[in-house]
Amino acid sequence: MFPENTPQHATPHPTTHHHTPPRRTSGPVIHRLASALQGLPPSCGPVRLVAVDGHAGSGKTTFAARLAAALGGAPVLHLDDIASHDELFAWTGRLLAQVIEPLGRGETARYAPYDWRARAFGPPRPLPPSPVILVEGVGAGRRALRPFLARLLWMEVPREESWARGRLRDGAEQREFWAGWVAAERAHFAEDPSRPYSDLLVTQSRTGYEVLPGPVHSVGPDQTVTHREGPSAVC
């Protein structure tokens, strides 16, 4: 995950990722979901802002990348770029000022991505107001952002399983960081839970993804809900 020449004293975020496209996209589930999202009314200026939230290690980054590909290359804003060592979850003001407010005016947002190795914010990165923008990361569905979201998706993986996946992925060198992260995540979701307000729940199986109605909604004629991968998948 990290380059071999990473300094031993550096403490990258456990979910630090490389912004690379997925090797493949999923089948009809993600494509039908993408079509449904494209048909939604804008929620933040001209943008349909879609949050992908869930516990650390639940597969948000991979799912968001595949959904973005199905959307024709939609931008993905990773909250790892907004958070920092000193503000694991206290980044709402920065996100609103750098991203949400400009997009709401139909302008190109400019945010300074955080470098988890250098422990510093980098030069501004542009984020144009595309038809759909995905916001991926723990806390993407927090109450301060929900008014600007077209949809909130929750990765339906139990927290202990998610954290175990994350620890396995990041290895022993991140053990200390994970201990602090888990405590911070517990505190965040205890005070500001996302799942109860999610529109859709996303689960993963050996055959692909399954998307079900979230706690906020029940299935109705005006909803597009994917049940499971495969030829019989219904939206």
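Residues numbered from 1 in each chain as written. Predicted model: local features only at pLDDT ≥ 70, side-chain atom pairs only at ≥ 80, totals over all residues. Heavy atoms only, no water.

**Looking at helix H1 (residues 28-38)**
To keep it simple, the criterion reads: We call a residue buried when its accessible area falls under 20% of the maximum for its residue type, exposed when it is over 50%, and partly exposed in between, using a 1.4 Å probe and counting protein chains only. Only DSSP runs of H or I covering at least 4 residues are called helices, and only runs of E covering at least 2 are called strands; the numbering of each starts at the N terminus. Relevant arc is that of directions from the helix axis to the C-beta atoms, nothing else. Contacts are assigned to residue pairs that have any heavy atoms within 4.5 Å of one another.
When we look at burial in H1, the residues that qualify are Val 29, Ile 30, Leu 33, Ala 34, Ala 36 and Leu 37. In a view along the axis of H1, the buried residues occupy a sector of 160°, so they form one face of it. In the core, the buried residues of H1 are packed alongside strand S1 (48-53), helix H2 (60-70), strand S7 (132-136), strand S8 (151-155), strand S9 (200-205) and strand S10 (208-213).

**Here we look at the pairing of S10**
This is how it is decided: Paired strands, as defined in this entry, are two strands with at least two bridges between them according to DSSP.
By the bridge criterion, six bridges tie S9 to S10 in an arrangement that is antiparallel. The partner of Thr 203 across the bridge, within S10, is Glu 210. A loop of two residues connects S9 with S10, the two strands running antiparallel in sequence.

**Description of the nonpolar core**
Within soluble globular proteins, side chains that are nonpolar generally end up buried alongside one another. Convention followed: The set of buried Ala, Val, Leu, Ile, Met, Phe, Trp, Tyr and Cys residues whose side-chain atoms join them within 4.5 Å is what this entry labels a nonpolar core.
Counting 35 residues, the largest nonpolar core has Leu 49, Leu 95, Val 99, Leu 103 and Trp 181 as its most contacted members. Those elements giving two or more residues to this core turn out to be S1, helix H3 (92-104), strand S3 (109-111), S7, S8 and helix H5 (175-191). No other element matches the five residues that H5 contributes to this core. Judged by nonpolar contacts, the second largest core, of 24 residues, contains Val 29, Ala 34, Phe 63 and Leu 71.

**Considerations on the packing of aromatic side chains**
Inclusion rule: Any two of the Phe, Tyr and Trp rings considered here, Trp counted by its six-membered ring, make a pair once their centres fall within 6.5 Å; the pair's planes then place it as stacked at under 30 degrees, edge-to-face at over 60, or tilted in between. Geometrically, a charge over a ring is one whose NZ (Lys) or CZ (Arg) sits within 6 Å of the ring centre while staying within 35 degrees of the ring normal.
Going through the model one piece at a time under the given rule, you end up with four aromatic pairs. Taken together, a centroid distance of 4.9 Å and an interplanar angle of 90° make the contact between Tyr 114 and Trp 116 edge-to-face. A relative accessible area of 9% places Tyr 114 in the buried class. Trp 116 sits in the buried class, given a relative accessible area of 4%. Ring pairing ties together the aromatic residues Tyr 114, Trp 116 and Phe 121, which thus form one cluster. Stacked on the ring of Trp 91, the Lys or Arg Arg 142 has its end atom at 3.7 Å from the ring centre.

**Comments concerning the side chain of His 188**
In this structure, His 188 sits in helix H5. His 188 sits in the buried class, given a relative accessible area of 8%. Contacts of His 188, omitting those with residues within four sequence positions, involve Phe 89, Gly 139, Arg 142 and Pro 193.

**Some remarks on the packing of H1 against H2**
Threshold: To get an axis, a line is fitted to the C-alpha atoms, and for a helix only the part in contact is used. The angle between two axes follows their N-to-C directions and goes from 0 to 180 degrees. In these notes the angle categories are as follows: under 35 degrees is roughly parallel, over 145 is roughly antiparallel, 65 to 115 is roughly perpendicular, and the rest is oblique. Each crossing is labelled by how the near helix is turned from the far one, with a counterclockwise turn of less than a right angle marking it left-handed and a clockwise turn marking it right-handed. Side-chain classes are defined by residue name, with Ala, Val, Leu, Ile, Met, Phe, Trp, Tyr, Cys and Pro counting as nonpolar, Asp, Glu, Lys and Arg as charged, and the others, Gly among them, as polar.
Axis separation between H1 and H2 bottoms out at 9 Å; the angle between their running directions is 65°. Here H1 lies roughly perpendicular to H2, going by the angle between them. Crossing of H1 over H2 shows right-handed handedness. Contacts between H1 and H2 involve Ile 30, His 31, Leu 33, Ala 34 and Leu 37 from the first element and Phe 63, Arg 66, Leu 67 and Ala 70 from the second. Residues belonging to the contact of H1 with H2 are distributed by class as follows: seven nonpolar, one polar and one charged.

**Notes on H2**
Owing to its 3.6 residues per turn, the α-helix aligns residues three or four sequence positions apart on the same side. Taking burial as the measure, the 11 residues of H2 include eight buried ones, the bulk of the element. All of the buried residues along H2 are Lys 60, Phe 63, Ala 64, Ala 65, Arg 66, Leu 67, Ala 68 and Ala 70. One or two residues past the end of H2 sits Gly 72, with phi positive at roughly 85°.

**Comments concerning the environment of Phe 121**
For Phe 121, the position within the fold is in strand S5 (residues 120-121). Residue classification places Phe 121 among the partly exposed positions, given a relative accessible area of 38%. Taking the C-alpha atoms as reference points, Phe 121 and Ile 82, 39 residues apart in sequence, are found 8.9 Å from one another. Dropping the residues within four chain positions of it, Phe 121 is found in contact with Asp 81, Ile 82, Ala 83, Ser 84, Arg 94, Ala 112, Pro 113 and Tyr 114.

**Description of the sheet that holds strand S2 (residues 76-78)**
Remark on secondary structure: sheet strands pair via backbone hydrogen bonds, oriented parallel or antiparallel. Across the sheet, six strands lie side by side as S2-S7-S1-S8-S9-S10; this open sheet has mixed pairing. The open sheet is flanked by S2 and S10, the only strands paired with a single partner. Direction aside, neighbouring strands of the sheet carry axes that sit 25° apart on average. With three bridges connecting them, S2 and S7 associate as parallel partners. Bridging from a neighbouring strand, Leu 77 pairs with Val 135 of S7. Along the sheet, H2 contacts S1, S2, S7, S8, S9 and S10; its crossing angle with S7, the most-contacted strand, is approximately 170°.

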